[in-house]
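So you can see what is in the structure, the chains are spelled out below.
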Amino acid sequence: MNPLYLLFSPLLAAVASWLAGRNAMAQKVLAFASLGFSLFVFQNWNASGFEDLSVSYPWIQSFGISLALAVNNLNYWFLVLTALVVFTAQLFHSTQGEDKVRGDVMALIFLLQFCLYGVFMAQDLMLFYFCYEASILPIYFISSRYGSPAAERAILKFFLYTLGGSLCMLLAILYMYNQNGSQDFLFSSFSSGYFDAPVQGWLFLAFFVAFAIKMPLFPFHSWQADAYAESPVESTMLMSGILLKMGIYGMMAIVIPYFPLGLKEYGFIFIGLSAFGVLYGAFIAMVQFDIRKVLAFSSLSHVGLIGTGLLTYENVALEGVVLQMFAHGINIVGLFFISEIISQQAATRDLDQMGGLTRSSFTLTVLFFVFLLGSIAVPLTNGFPGEFKLIMGIFNYNHALGILCGSTVIFSSVYMLRMFQKSMLGESNGSTSIQAPALDGLRVAGLVILAGQVITLGLFPGIISGISDAAVRILMLAY
Amino acid sequence: MLTITLLSLLGLFILFLGFSGKPGLNRAVAVSGLFLALIVLIMGNQNLLIPDGLDTQLNFDSTAVRFSSLLILFTACIMLLGKKFFAREDIQSAEFLSVMVFSLVGAIMLTSFTHMITLFVGLETLGISLYVLAGTDKKSAGSNEAALKYLLLGAFATCLVLFGMAMLYGATGQLDFTAIASLSSIAVDSDLFRAGIFFMLVGVLFKVSAAPFHFWSPDVYEGSPNVVMLYMSVVVKIASFAALYRIFGIYFQPLSHFWWDVVYYACVASLLVGNLLALVQKSLKRQMAFSSISHTGYLLMAILVLNKTGQEGGIFFYLFGYGLALIAAFSILMAWFPSGDNIWLKDLKGAAKVDQGGAIVLTIAFLSMAGIPLTGGFFAKLYMFTPAMGQGLYQLLVVGILSSLIGAAYYLKPIMNVWFSSEAPAIEGAEKIKLVGVLAAAIILLTGLFPDVIFAVLSLI
């Protein structure tokens, strides 16, 4: 099936949900229909193989920009994760009660999905850039409009940070375009030997800054905690679940294949920094009292591990990157979903004022614990295989660094269990009356789908790596 | 030439039409006259009917026709938007409109001159009309200040141009640009020639409000009535930049080593001064004035590239996108603040609650000026950056990238105020339909997805 259908289906859905406005039922139907269509397409592709799934149409001829799309072993799981995360965010939004459903939020989320599909499928650098930068806009408007009063500043910071990174990337892209004799932006026009070492160094830095801000890796993370904490939870889910994966994808699709010499030259600096970020995030998460900020810093720590593994350029680490990026997307989105239910019930996000929720809802407790185990990377959950491979790769690269990063497994159980304990266990705090959590059937169904993946992918990581390992093998040839 | 004649007659006709005392009629006649002139411009051969003597001084080549059609189109849009302004008791709409049409004649001459005399006549026709327009709001102190300031500084700049022309004539014995350009750069190399080029360049940079010759523009923009401010930042900017392009991008391009350094530093200064000062403004009109300086900076990049092919298309696209975005933005702002006084950024707070459609148009316009993808402004910037990259102007591009970032920061301010503020809306009125604004926003989005459309249209002219 032509990738164009997948690319443009969210645009149609966006128009429909804009028209549907505050009609919650229609919005739910649209969310399910869109997920269903995406999953149908993915299943279809998986069955048919990816060989014929590359298309190219002329788009802006005066510049040599083409609408070149492809589905391959690398981007397949990013696309699947996009559909799942977008669906979860929309599920949360459309089930939060009739008066809170907004057509513009749903439409903007669909628009974001369009941009994300574009980023992941693009085979043309300018198309990639176009979608990459356009993806800031929906999040910017959702967060600023429906976030807390402090969100406006936090999201402005996010916007300018990412725009700054993107503009560095734009310069690099234009440089590549000018060096390229065929005057086009196609990925296939560049190869690893295309630029000599000093140039690759500069290009590496320009692209790396853009992607590192998006992920974010230490020390480019300072926008993250506030943006996650102040936004409405839908956009927090999207930012943590899928937006940062654009950075990871960019590293795998552009930086490693085209600037391996640059990676060799400068990579070690950023390996050290992002490994520091792994521990830094974990330690800060341990002392946070805002439940969102615990999750935000845990995300910094987990993504730091992914980033470190990416930069080591070890085969096993790169295999782990794909596994872990998918697992992280599922887990963090589940955790944000549940944390929002909890904090709405407790009418606070302060962990010290919560407690005793286990008694009111068994389902919530179980689901929360499943995502939590996945996030700690307990064996038999989806976090384990990826994290194991990442740490193994880092250990191969440098033993001391491997041990340091390995300790994150312990630290993550500390802050995660602390969060669980403070929010769910113990006596209910008298200051707030806690009723049965707002978990309707649809929400449970959505969360069960996600939680099912935590277990399934923990038991059978081969579902993902069976496809993605082939892509990693090609990446390893770039040197 | 036919268009110039037609427009001059139109101006006179409107002046007499003023006896009817109906602003609506004056405006309708003016706008339809402009559209007629536009059709004549595109369909007719403009090089016919030029009187003897003038035929070597005006040349309606494709560059001239393209920029002129842009000027006429945007002037018509601005007249359409000025409905409430023309209907005001204390505004003589017939006089205003006819002066505007006369200034348009000057603007068109600035796109088509081949001779120093026609350049000068064009500059003066445009300039003198503008001094009058800036002061139209007789009872407003700001408008009077703007007129006086513009007159004094504008006259000064014209003098510089004239001084430069005299020196060039002294050095070469020629007043014709093509004749001067055909001289070899060794033959013309003298102190007099260098000084002549320099003075002429400074005068023209003054007219396009490039830093460090920009000091007039914020005060003049802020003081003038909104319609005039829009006219200055769109039509006058296009005309003076077309003149700059014609002199330095076309005729004097082979002599680039005489002027390249000056333009380079003016470009860097405009980018930095314009954007940094726009960041700290509290008045939206002043912010637009400083951002206009920064857009001059981006445009100067195209002059620096010294590459004839594609450069003109890029400049045209940029000016078209910028003008369109300003027209879209002001179509909404003028409907929200009909009294024509200064617009403060804080006045925009909460406006989306009253007029959501207007807020969307305004948002698209500002995003386009900031150069965010999905809008035409993104490709406009790309058309400036790509040739500069090809030329190896890396430091300049780093400045350009930094200033785009600063630009995004201040263009987001009005958007944030409009959408995200919890305060009660302070806007005075909201019309139901703003056709010009909606159309402009639609074209901005269209060019943001398919910029080639513009080049397809251009190739027809």
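Since the model is a prediction, treat every value here as computed from it, not as a measurement.

Scoring rules and cut-offs
Residues numbered from 1 in each chain as written. Chains lettered and ligands numbered in written order. Predicted model: local features only at pLDDT ≥ 70, side-chain atom pairs only at ≥ 80, totals over all residues. Contact = placed C-beta atoms within 7 Å. Helix = DSSP H or I, 4+ residues; strand = E, 2+ residues; numbered from the N terminus. Nonpolar A, V, L, I, M, F, W, Y, C, P; charged D, E, K, R; others polar. Pairing = 2+ DSSP bridges. Buried ≥ 20, exposed ≤ 12 C-beta atoms within 10 Å, placed from the backbone. Core = buried A, V, L, I, M, F, W, Y, C linked by C-beta atoms within 7 Å. Axes fitted to C-alpha atoms, helices over the stretch in contact; angles between N-to-C directions. Parallel < 35°, antiparallel > 145°, perpendicular 65-115°, else oblique. Left-handed = near helix turned anticlockwise from the far one by under 90°.

Participant: Looking at this structure, I do not really get the interface of chain A and chain B. What am I missing?
Facilitator: Facing 21 residues of chain A, the contacting portion of chain B comprises 20 residues. Where the side of chain A that touches chain B is concerned, the elements lending two or more residues are α5 (125-134), α6 (136-146) and α7 (151-179) of chain A. Within the side of chain A that touches chain B, the residues separate by chemical class into 13 nonpolar, 5 polar and 3 charged.

Participant: Where do I start with the pairing of strand β1 (residues 54-60) of chain A in this structure?
Facilitator: Successive residues of a regular strand alternate their side chains across the two faces of the sheet. Pairing geometry for β1 of chain A and strand β2 (residues 65-70) of chain A, over 6 bridges, is antiparallel. What sits directly across from S56 of chain A, in β2 of chain A, is A68 of chain A.

Participant: Mind showing me how you'd approach unusual backbone geometry here?
Facilitator: Excluding glycine, a negative phi dihedral is what most residues carry, and trans is how most peptide bonds are arranged. In the segment running from M215 of chain A into P216 of chain A, the intervening peptide bond is cis, with an omega of -20°. Relative to the helices and strands, P216 of chain A resides in the loop between α8 (197-214) and α9 (224-230). The omega torsion across F218 of chain A and P219 of chain A is 0°, close enough to zero to call that bond cis. As for its position among the elements, P219 of chain A is in the loop between α8 and α9. Its identity as a non-glycine residue notwithstanding, L380 of chain A has a phi of 75°, on the positive side. With respect to the helices and strands, the residue L380 of chain A is situated in the loop between α14 (362-376) and α15 (383-397). Although it is not a glycine, S209 of chain B sits at a positive phi angle of roughly 50°. You can see S209 of chain B is positioned in the loop between α10 (191-207) and α11 (216-223). S209 of chain B gets classed as buried once you count the C-beta atoms within 10 Å, which come to 27.

Participant: What is the right way to read the nonpolar core from this model?
Facilitator: One broad rule of soluble globular proteins: the nonpolar side chains tend to lie buried together. The biggest cluster of nonpolar side chains holds 352 residues, and the ones touching the most others in it are F207 and V255 of chain A together with L71, Y231, M301, A328 and A365 of chain B. For this core, the element with the most residues is helix α15 (residues 308-336) of chain B, which contributes 19 residues. When near neighbours in sequence (up to four residues on either side) are disregarded, V255 of chain A contacts F204, F207, F208, F211, G250 and L263 of chain A.

Participant: What is the right way to look at the packing of helix α13 (residues 260-279) of chain B against helix α18 (residues 394-420) of chain B in this model?
Facilitator: All names here are of chain B. With their axes 9 Å apart at the nearest point, α13 and α18 run at an angle of 20° to one another. For the element pair α13 / α18, the angle class is roughly parallel. As for the relative orientation of α13 and α18, their crossing is left-handed in sense. On α18, the residues touching C267, V268, L271, L272, N275, L276, A278 and L279 of α13 are L396, V399, G400, S403, I406, G407, A409 and Y410.

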